[in-house]
Amino acid sequence: MEGLRSYSPDLCLVVASLFLLFLEAFNLGKQQTKKITDFLIVLFFLFLAAFFLVANDALDFSLLPQTEYFFFFNVLKITPWIILGKWAILLAIFLLNLLAYTLPSSFLRREFLILTLLISVAGMCVLSANHLLVFYLALETISIISYGLTALHRQEERSSEAAVKYVIYGGVSSALMLFGMAHLYGLSEGSLFFSDLLKFFSHYSSFSSSFSVALLISLALIFVGFFFKLSLVPFHFWAPDVYEGAPVSVVALLATVPKIAFFGALYGLFSLLPKDWMGTHFLATFVSLAGLITMTWGNMAAIGQTSLKRLFAYSSIAHAGTISMVFLAVTSSVSLSSLYPPLFFYLFFYVPMSIIPFFYIQQLDSHYKSDHLELLSGFIKCYPGVSISFILVLLSLIGLPPMAGFVAKFQIFSLLLNSSFYTAAFIMALNSLISIAYYFKVIRVLSLSSSVASPEDRISTFSYKLENFPTVIMGGLAILLIVLGIFWNTLFHYLSQYSGA
Amino acid sequence: MWPIVSIILWGPALFSLLLWLIPQHKHKEIKIVSLAGTSLVLLATIFLFSQVDFSLGHILPETEIILPWIEQFSIYYRIGMDGLSAPMILLTSLIFFLCVLASWHMEKSLRAYFSLLLLLQTCVYGVFFSLDFFLFYVFWEVMLIPMFFLIALWGGDRREYAAIKFFLYTFFGSLFLLLVMVGLYFLSGKTADSFNLLALAGGKFSHSSLTFFGVNVSLESLFFVFLFIAFAVKVPVFPFHTWLPHAHVQAPTAISVILAGVLLKMGTYGFLRISYPLFPQAAIAFSDIIGALGLISVIYGALCAMAQTDIKRLVAYSSVSHMGLVMMGIASLTPAGLNGAVLQMFNHGTSTAMLFLLIGILYERSHHRWIVRPNGQKGFSGLYTQMPKFSLVFILAMFASMGLPGLSGFISEALIFFGIFPKFTLMTCLAVIGLLLGAAYLLWLFKRAFFGEVLEEMKQYTDMTCWELCYMAPLCVAVIFLGIFPAPLLNVMKASVSLLHRLVTNVQGS
């Protein structure tokens, strides 16, 4: 019963997706009202999930921050950071649901929603796994759904090509990860439970050096899987192609939910490894160095893009790199729990900051069948509200105060300086300078260039889509990004009380 | 007094939001509301000045507001005013008020323009009022956003390039500011005062060092250099000045005025408020280098100004030259030099604002700013005959900028020279050459544009209107009054400047 309570948020999403699947299978509901019913169903179950998550919260971790609850034969667990990860995923679903509402009728909206819900369930499972096999199954679920989603537009050549690429890359990386897990299974004398692994690793001082190396190789192989999922250099090659080929809404999904799950899982993995083992330091350096390169590479590559989808895809790669920098602090003397506020701050703010641009691009894309940067030109004249909120989000992505993006970057920045990684902090700061180049390119086109299409043309054909309630909510969120950028005291307090710091 | 301080700081932002309640096409109402906002703030500033006593030099307790902001990081909303920031706050109130008047005939998207202008004003006040490093940084950065759009949307032909350049340069500088800010937070032990600029002052970090790739670096020097980059971009000190001519030329008149009149002073104010009090030993160690860079700015700026054929560019380079002199005054670390520097910050604000406003007035008639057109023909000639009133005001501004005795520039430049002479004797002599050059380019400009035959196309230029005279009048009065009787302003800053001087030089003694 205890287990069911902890699993109830996930369960709500499963039920929601099954419900939609049922509706779809029997073709229930009128064509005209389909859109709004789907939206409301998802919203209802989302609120139900949020309600259960609040109930989970009532397990009162604030008194015992390090407590873990295990359930379902101990294969799943619930801890404070898992709850935070789930909140971030719920936020992502909420935004994606709004995005789905604005999809054109030709789009397979219901399929998209069902798969979004399922991928989120799998993401939550990745977060809360306490068993390597469960973890792997959840990960593969995410992968398989992602492949399918990429090819949602079967008829389109680019879409199918992207999906095939994705399957091949993903298959190889999953195989490598599985290979690493098999090694770990052998080396750790036959247990796949994380809690057993924790015990096993706590004897690291008795490891012989050759044993350590073997262990490190197996862990490195597992990390390769993570690198692939998080699109970190040098396992990033799939990302731009897949992002370009996949429909915009799918890109918005792929850039958020799996990333939250895998960053959370990475944090969980590091919490298993003993802090002063040399292998931990090696892996942390590995991740953060890759993050450093990814960030720089993503920012550099984004500069030259004229396709909005590609530009924001690279931007999301760069942000993933920035988040990975958090793990550099593992190698220093600061406690693991101090990673927690920066990591989750960033993940929380990253969700709206990356979905909102895709939301606007999606509307542009479905109207013009193109996502060229120049299509935004003179936008501010026709749609001042949309443009201003878009600009706010872009400023937040750069990390300018008083936007929330600044707070997120500030947290990571101060974590790095606190653990005396001055060079890394400096490179990170320089990267926000580089990122200005392309974010301002978008701002410039939005606000400065004169419009290609005349405003009248725009208003007659396009505006009805921009004046619906999802747009209003997205605009509200953009303003919320300022509010949270100024008053982050409470949120920070909330996060840090769980960290036990 | 805190309501008055809050009105000054947040009033413009409030009015900026208020403007969005007015329909876009109601130009007159928009202008009146903006004018009401800036005049309210100006009145509040004057009232504040009449109520406080600057004789002690500390942060005036009645202007101080301390509220917790982000408790976990011990970041406070901590604002206050002392003799260093007071002249700048007065200058800001005055310049923004006049800029609203000078933008009266704008046509293009008025509501957004005034809204951004007022937002900018709040940010500028924020920089001058902040006593918390984090708050200072936030205002410093936020200021970029309205400024970017003001240049990029209402500027000249190459406005986008100029705006991006301005943004990138300043943002590059502020990255260093961020580094120092967070670095200091950890260095000072994350205590409740870790972002408090007053508590951090006094050379507390002179013994901290850092091993970086095997080299031992004194953190005091490292942070000082970082801050130098951050502020030098803004001043701008040679070699960080290259954004300035573009931004000035492309910006609309009022924005040029604000840029030259107020924003450049934020850089030098940063030196006085943060760099020097926090890292006095490094400040003393680097004083020769800063003095030398100031000198280069003085001479290089003047030489560049001489070569310009665009009046606005000429005045922009003259700003580089004058701000170089301010840097020399600050670097000298003598009471006279520092007083002169702060006074020059104010006086340069008024005299350059005059010049830019006049150029704006001229541009409205001529739609070009060439002294000599690219094809070699004269751009202007015989302005004196055509526009006598304009020319008289121009002469006043020009002489104030040159530092003619009896006008404001003279007092501050003389003070700076008194201050720097014992410290950098040779450099002082060279700086005098810069001053001579300053007289040369302005007089040469005057000769070419104001004397001679009136060109044919200039025949329809009308003289300054009553409206234009009205908004030039306060600046004319300020320039003459402070040239004859600078004591009121000097009294405001004197005590604070000597406090700063003692703070920095006492550390040297111990």
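The rules behind these values
Residues numbered from 1 in each chain as written. Chains lettered and ligands numbered in written order. Predicted model: local features only at pLDDT ≥ 70, side-chain atom pairs only at ≥ 80, totals over all residues. Helix = DSSP H or I, 4+ residues; strand = E, 2+ residues; numbered from the N terminus. Buried ≥ 20, exposed ≤ 12 C-beta atoms within 10 Å, placed from the backbone. Contact = placed C-beta atoms within 7 Å. Rg over C-alpha atoms; globule rule 2.2 N^0.38 Å. Domains from an automatic or database assignment. Nonpolar A, V, L, I, M, F, W, Y, C, P; charged D, E, K, R; others polar. Axes fitted to C-alpha atoms, helices over the stretch in contact; angles between N-to-C directions. Parallel < 35°, antiparallel > 145°, perpendicular 65-115°, else oblique. Left-handed = near helix turned anticlockwise from the far one by under 90°. Pairing = 2+ DSSP bridges. Core = buried A, V, L, I, M, F, W, Y, C linked by C-beta atoms within 7 Å. Expected span 1.5 Å × (residues − 1). pLDDT = per-residue confidence, 0-100.

A. Structural context of the overall build of chain A. Within chain A, the secondary structure is distributed over 22 helices and 2 strands. Within chain A, the proportion of its 501 residues that are buried is 53%. Here the contacts in chain A between residues at least 6 apart in sequence split such that 81% fall between residues at least 24 apart.

B. Region of interest: the overall build of chain B. A tally of regular secondary structure across chain B gives 21 helices and 4 strands. Here chain B has a C-alpha radius of gyration of 22 Å; the compact-globule value for 510 residues is 24 Å, and the two agree. Principal axes of the C-alpha set define a box for chain B whose edges measure 70 × 55 × 45 Å. Taken across its 510 residues, chain B has 59% of its residues classed as buried. Residue pairs in contact within chain B that sit at least 24 positions apart in sequence constitute 79% of those at least 6 positions apart.

C. Inspection of unusual backbone geometry at higher detail. Following V235(B), the chain continues into P236(B) via a peptide bond in cis, with omega recorded as -10°. Looking at where P236(B) falls in the secondary structure, it is placed in the loop between α9 (219-234) and α10 (243-250). A cis amide bond links F238(B) to the next residue, P239(B), at an omega of 0°. With phi around 50°, S231(A) is a residue other than glycine that occupies positive phi space. Following the sequence through the fold, S231(A) ends up in the loop between α8 (209-229) and α9 (238-245).

D. Representation of the domain arrangement of chain B. All names here are of chain B. The domain architecture assigned to chain B consists of domain 1 (1-285) and domain 2 (286-510). Taking the mean C-alpha position of each, domain 1 and domain 2 sit 22 Å from one another. Of the residues lining the interface, 49 residues belong to domain 1; the matching set on domain 2 comes to 49 residues. For the side of domain 1 that touches domain 2, the elements supplying multiple residues, two or more each, are α3 (85-102), α10, α11 (253-278) and α12 (280-285). Partitioning the side of domain 1 that touches domain 2 into residue classes produces 35 nonpolar, 12 polar and 2 charged.

E. View of the interface of chain B and chain A. Chain B puts 23 residues into the contact, and the matching count from chain A is 22 residues. Looking at the side of chain B that touches chain A, the elements that each hand over two or more residues are β1 (65-70), α5 (133-142), α6 (144-154) and α7 (159-187) of chain B. Tallying contributions element by element places α7(B) first for the side of chain B that touches chain A, with 13 residues. Taken together, the residues that form the side of chain B that touches chain A break down as 18 nonpolar, 2 polar and 3 charged.

F. Representation of the packing of α9(A) against helix α13 (residues 308-324) of chain A. Residues and elements named next belong to chain A. For the pair α9 and α13, interaxial distance at closest approach is 9 Å and the crossing angle is 140°. Considering the angle they form, α9 stands oblique to α13. Crossing hand, α9 versus α13: right-handed. Together, A239, P240, Y243 and E244 of α9 and K309, R310, A313, Y314 and I317 of α13 make up the contact between the two elements. Taken together, the residues that form the contact of α9 with α13 break down as 6 nonpolar, no polar and 3 charged.

G. Representation of the pairing of β1(B) within the structure. All names here are of chain B. Of the strand pairs in this sheet, β1 and strand β2 (residues 75-79) are connected by 5 bridges, and their pairing is antiparallel. By the bridge assignment for β2, I65 is matched with I79. Between the end of β1 and the start of β2, which pair antiparallel, lie 4 residues, with S74 showing a positive phi angle near 45°.

H. Examining the pairing of strand β3 (residues 209-212) of chain B more closely. All names here are of chain B. Across 4 bridges, β3 lies against strand β4 (residues 215-218) in antiparallel orientation. When the sheet's bridge partners are listed, L210 is paired in β4 with V217. Turn length for the β3-β4 hairpin, with the two strands adjacent in sequence and antiparallel, is 2 residues, and the turn residue F213 shows positive phi of about 50°.

I. Region of the structure containing the nonpolar core. Among the nonpolar cores identified, the biggest contains 380 residues, and A92(A), V126(A), L416(A), I151(B), L227(B), I258(B) and L358(B) are the most heavily contacted of them. Composition of this core by domain shows at least three residues from each of domain 1 (1-285) and domain 2 (286-510) of chain B. If we skip the residues at most four places from it in the chain, I258(B) touches I95(B), F96(B), C99(B), L120(B) and L263(B).

J. A look at the environment of S130(B). Residues and elements named next belong to chain B. Assignment of secondary structure puts S130 in the loop between α4 (110-129) and α5. Under the C-beta neighbour-count criterion, S130 is labelled buried, with 25 such atoms within 10 Å. Separated by 54 residues in the primary sequence, S130 and Y76 place their C-alpha atoms 9.9 Å from one another. Non-local contacts of S130, meaning those with residues more than four positions away in its chain, are made with I79, L135, F136 and F139.

K. Here's a closer look at the packing of helix α15 (residues 335-366) of chain B against helix α17 (residues 388-402) of chain B. Residue and element names in this part refer to chain B. Close contact between α15 and α17 brings their axes to 9 Å; oriented N to C, the two are set at 150°. Considering their axes alone, α15 and α17 lie roughly antiparallel with respect to each other. Crossing hand, α15 versus α17: left-handed. Only F390, V393, F394, A397, A400 and S401 of α17 make contact with α15, whose side of the interface consists of S351, T352, M354, L355, L358 and I361. Residues that form the contact of α15 with α17 fall into these classes: 9 nonpolar, 3 polar and no charged.

L. Here's a closer look at helix α4 (residues 109-128) of chain A. For α4(A), with 20 residues, the first-to-last C-alpha span of 29 Å sits near the 28 Å given by 1.5 Å per residue. With 17 of its 20 residues buried, α4(A) lies for the most part within the structure.

M. Spatial organisation of the environment of P245(B). Residue and element names in this part refer to chain B. Locating P245 in the fold gives a position in helix α10. A sequence separation of 228 residues divides P245 from A473, and the C-alpha atoms of the two residues are 27 Å apart. Beyond its immediate chain neighbours, meaning those up to four positions away, P245 contacts R313, A316 and Y317.

N. Broad picture of the confidence of the model for chain B. A residue-level look at chain B finds 99% of positions with pLDDT of 70 or above and a mean pLDDT of 88. Interface confidence in the predicted complex, given as ipTM, is 0.88; pTM for the same model is 0.92.

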